[in-house]
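# An overview of the molecular structure
As a plain string of letters, each chain reads:
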Amino acid sequence: MNPQTVLSSVQRAHAERNLPRYTSYPTAVAFDAAQVDQAAGWFSQTRADDHLSVYVHVPFCRRLCWYCGCNTSIAHTYERVGTYAEVLTREIDLTARRLGEHDGLAHLHFGGGSPNALSPVDFKRLVAQLTSTFRVRPGAEIAAELDPGMLSDAFVDAAGEAGVTRVSLGVQTFDPGVQALVNRVQPFEQVSAAVDRLRAAGIDALNFDLMYGLPGQTVDNVYASTKTALELRPDRIAVFGYAHVPWMKKHQTMIREADLADIDGRWAQADAADAALIEAGYVRIGLDHYALPDDALSRAAAEGRLRRNFQGYTDDPAPVLVPIGPSSIGQFREGFVQNLTPTDAWAAKIARDELPLGRALAITDEDRLRSAVIERLMCDMRVDVAAICAAHGFAPDHLAGSLASLSAVEVAGLCVLDGSSVVIPETARRLMRVVAAAFDERLPVAVNRHAKAV
């Protein structure tokens, strides 16, 4: 394992900053309830040659992990989940009726919560309805985020029969002490058995989520957990830093701050995971993803086709993201939409045959320009700002102020400026959000809503 990287005082200050993850620009904190009526009309403006990406949110889990920052809750009986699934079927039909012409479904993603909180029958039925209603395209990816500790053989069989092509497993850590501290006990043998069952069902594309910064984590146990995960040879791995926001997620009060590493410890833990992954031959993808060299994500990164959206890094080029389920976020050419978060309010709108939108944001040409610059920095670690400006119909020096603001960041070693070009060196990869933030003119809005940069 590589020795711990030592942060300078300036780098440490940047690492402590509260910054967005830039899965979109503008970020979701800018969305506004006042724009919902306008946004409802965007659904009908899709084009005949548009491929669709559909995100389905399942806001239920069968256990509550104390680190979780997701919109989810525990369903103590299945009746509540089953009722939810019935409302989902009505939302799917409603949304399909409101969409304009399009060229079919290219990517379907189930997130949560835990989609395997659904029964195998309900999950299979929903996939069939979605792929039929939105006209699934040949070769479409059908993906689901699953809890391996609660994954039944029946659900795996249903996923295989439904045509699921990719599964992401929330592994997080294999250290039993850390698992106990975050209320997510799932021994290696249990995860390994889940992997074997998924592959036997024909679901060969597997992603793992790992974490650093959890209570009780150290450089050594993060490195060991990563090495253990690699024994199962997933195609992709995402390594996320735990965001401790108990003022937003009350269950995180179960985690003692005294058990959390400081910023230097978090950096060293991330370095440990990175070292294990690089030693195993994985390719770094953007901020926090890794993939095998022959994976589609690695090829997209090498060819400059990597994209970033609300599911993280992707090679999905679909121009329209359709939201299904409470709190789901969608994207249209005109702007972003987000469904209502409370399930009762979401269901009430659907009962009235209304799209269950809660917030939206119309985007401007300025937003599109800044989004393009930020996405290239987050995906490629380099951008020619003047070229992007020209491509979007702006003067080449339109973002000169943002470039100038990077001077102090360059001194800290987080980027290299050459005229209008910005390059993030490999040593600063983990702090790329600091560089991207220079182009975020909306950052002062609710900056305290975001987690630490590392």
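These notes cover the structure that comes with them. In this text, all values refer to a predicted model and were calculated from it rather than measured experimentally. (Residues numbered from 1 in each chain as written. Predicted model: local features only at pLDDT ≥ 70, side-chain atom pairs only at ≥ 80, totals over all residues. Heavy atoms only, no water.)

## Focus: unusual backbone geometry
The peptide bond linking tyrosine 25 to proline 26 adopts the cis configuration, its omega dihedral lying at -10°. Among the secondary structure elements, proline 26 is positioned in the loop between helix H1 (9–15) and helix H2 (36–39). Put simply, glycine 112 and glycine 113 share a cis peptide bond, and its omega is 15°. Mapped onto the secondary structure, glycine 113 falls in the loop between strand E4 (105–112) and helix H4 (120–133). (Helix = DSSP H or I, 4+ residues; strand = E, 2+ residues; numbered from the N terminus.)

## Quick word on the pattern of salt bridges
Inspection of the entire model under this criterion finds 29 salt bridges. Here arginine 21 makes a salt bridge to aspartate 288, at a shortest N to O gap of 2.1 Å. Placement of arginine 21 in the loop between H1 and H2 and of aspartate 288 in the loop between strand E9 (283–285) and strand E10 (289–291) is noted, with a sequence separation of 267 residues between them. Residue class for aspartate 288 comes out buried when judged on its relative accessible area of 5%. Salt-bridge contacts for arginine 376 lead to aspartate 380; the nearest nitrogen and oxygen are separated by 2.9 Å. (Salt bridge = Lys/Arg side-chain N within 4 Å of Asp/Glu carboxyl O. Buried < 20%, exposed > 50% of the residue type's maximum accessible area, 1.4 Å probe, protein only.)

## Details of the pairing of strand E1 (residues 52–58)
Counting buried positions along E1 yields seven of seven residues, so the element is predominantly enclosed. Side-chain alternation along E1 places Leu52, Val54, Val56 and Val58 on one buried face and Ser53, Tyr55 and His57 on a second face that is also buried. Of the pairings in the sheet, the one linking E1 to strand E13 (residues 320–324) comprises five bridges and is parallel in character. Bridged to serine 53 within E13 is leucine 321. (Pairing = 2+ DSSP bridges.)

## What to know about helix H12 (residues 365–380)
For H12, built from 16 residues, the straight-helix expectation of 22 Å at 1.5 Å per residue is met to within 8% by its first-to-last C-alpha distance of 22 Å. Among the residues of H12, Glu366, Asp367, Leu369, Arg370, Ala372, Val373, Ile374, Glu375, Arg376, Leu377, Met378 and Cys379 are the ones counted as buried. Immediately downstream of H12, the backbone of methionine 381 shows phi near 65°, a positive value. (Expected span 1.5 Å × (residues − 1).)

## Things to note about the side chain of threonine 314
Considering the arrangement of structural elements, one finds threonine 314 in strand E12 (residues 312–314). Side-chain polar atoms of threonine 314 contact the backbone nitrogen of aspartate 316, separated by 2.9 Å. The residues contacting threonine 314, other than those within four sequence positions of it, are Leu297, Arg305, Leu306, Arg307 and Asn309. (Polar contact = N/O pair within 3.5 Å; in protein donor to acceptor, adjacent residues only side chain to side chain. Contact = heavy atoms within 4.5 Å.)

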